Amino acid sequence: MTDFSTNSLPINFGVFSVGAVLVWLAGTKLSKYVDLIADRTGLGKAFAGALLLGGATSLPELATTLTAAWSNAAEMAGANLLGGVVMQIAVLAVIDAVVLRGRPLTFFSPQSSLLIAGVLLIALVALASAAVTSGELVSYGGIGFWPVLLFTAYVGSLWVPIAWRRPTS
């Protein structure tokens, strides 16, 4: 693996900038493919976006979190996950306030399933914050209570918008 600590700041900034542009371009392409998959499979754009696009764009956080956990830096692992989600919510808020100029994102997709998905995301962030703040309550066989609860809540949060989706006329 490359040791970036030996590079100067301008070189590291250049490498970061090139990587950011590549991620931007790949993300644009990826969102078009996920949209196409949602149309062809009938999954629904909210579900496909949450599962496929959300999963793909969470890979950097996953790598960082796994590395932090492997290094016994549990606080950094938890904070990284929460920071990634909160940053995405902040980006959506900025887009809502600045880019769309008074027209909320829900104006473009006023489906109740999308709105409930947003509420469930906030609930999952609150649950994860509670987990990080309170620490592990009970564990059995090396598996803690919070990870099981968070996984169950996440799977449930994927199912609820599908159940709430109203047929469009």
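Residues numbered from 1 in each chain as written. Predicted model: local features only at pLDDT ≥ 70, side-chain atom pairs only at ≥ 80, totals over all residues. Heavy atoms only, no water.

(A) Just helix H1 (residues 9–41), in detail. With 33 residues, H1 should reach 48 Å at 1.5 Å per residue; the first-to-last C-alpha distance of 46 Å fits that figure. Downstream of H1 by a residue or two, Gly42 has a phi angle that is positive, lying close to 75°. (Helix = DSSP H or I, 4+ residues; strand = E, 2+ residues; numbered from the N terminus. Expected span 1.5 Å × (residues − 1).)

(B) Fine view of the packing of helix H3 (residues 59–70) against helix H4 (residues 74–99). Contact geometry for H3 and H4: axes closest at 8 Å, N-to-C directions at 165°. Regarding the angle of H3 to H4, the classification is roughly antiparallel. Two packed elements cross with a definite hand, and for H3 against H4 that hand is left-handed. Across from Glu61, Thr64, Thr65, Ala68 and Ala69 in H3, the residues of H4 making contact are Met76, Ala77, Asn80, Leu81 and Gly84. In terms of residue class, the contact of H3 with H4 is built from five nonpolar, four polar and one charged. (Axes fitted to C-alpha atoms, helices over the stretch in contact; angles between N-to-C directions. Parallel < 35°, antiparallel > 145°, perpendicular 65-115°, else oblique. Left-handed = near helix turned anticlockwise from the far one by under 90°. Contact = heavy atoms within 4.5 Å. Nonpolar A, V, L, I, M, F, W, Y, C, P; charged D, E, K, R; others polar.)

(C) Representation of a nonpolar patch on the surface in the model. Side chains of Ile37, Leu51, Leu52, Phe151, Tyr154 and Val155 sit close together on the surface and give an oily, nonpolar patch of about 510 Å² of accessible area. Of all the secondary-structure elements, those providing two or more residues to the nonpolar patch are helix H2 (45–57) and helix H7 (145–164). Sorting elements by how many residues they give to the nonpolar patch places H7 first, with three residues. In this structure, Tyr154 sits in helix H7. (Patch = residues over 30% accessible without salt bridge, like charges linked within 9 Å, V, L, I, M, F, W, Y side chains within 5 Å. Areas by Shrake-Rupley, 256 points an atom, 1.4 Å probe, with all protein chains shown as cover. Salt bridge = Lys/Arg side-chain N within 4 Å of Asp/Glu carboxyl O.)

(D) Local environment of the packing of aromatic side chains. Tallied over the entire structure, the rule returns one aromatic pair. Taking 5.4 Å as the distance between ring centres and 65° as the angle between the ring planes, the aromatic pair formed by Phe145 and Trp146 counts as edge-to-face. Classification of Phe145 by relative accessible area gives partly exposed; the value is 38%. Relative accessible area serves as the criterion here: at 11%, Trp146 is assigned to the buried category. (Phe/Tyr/Trp six-rings, centres within 6.5 Å; stacked < 30°, edge-to-face > 60°. Buried < 20%, exposed > 50% of the residue type's maximum accessible area, 1.4 Å probe, protein only.)

(E) Structural view of the side chain of Ser157. Within the secondary structure, Ser157 sits in helix H7. For Ser157, a relative accessible area of 10% translates into the label buried. If we ignore the near neighbours within four places in the chain, the residues touching Ser157 are Leu120 and Leu124.

(F) Summary view of the environment of Thr65. Inspection of the secondary structure assignment puts Thr65 in helix H3. As a C-alpha pair, Thr65 and Leu81 span 16 residues in sequence and 6.9 Å in three-dimensional space. Not counting the four nearest positions on each side in its chain, Thr65 is found in contact with Ala77, Asn80 and Leu81.

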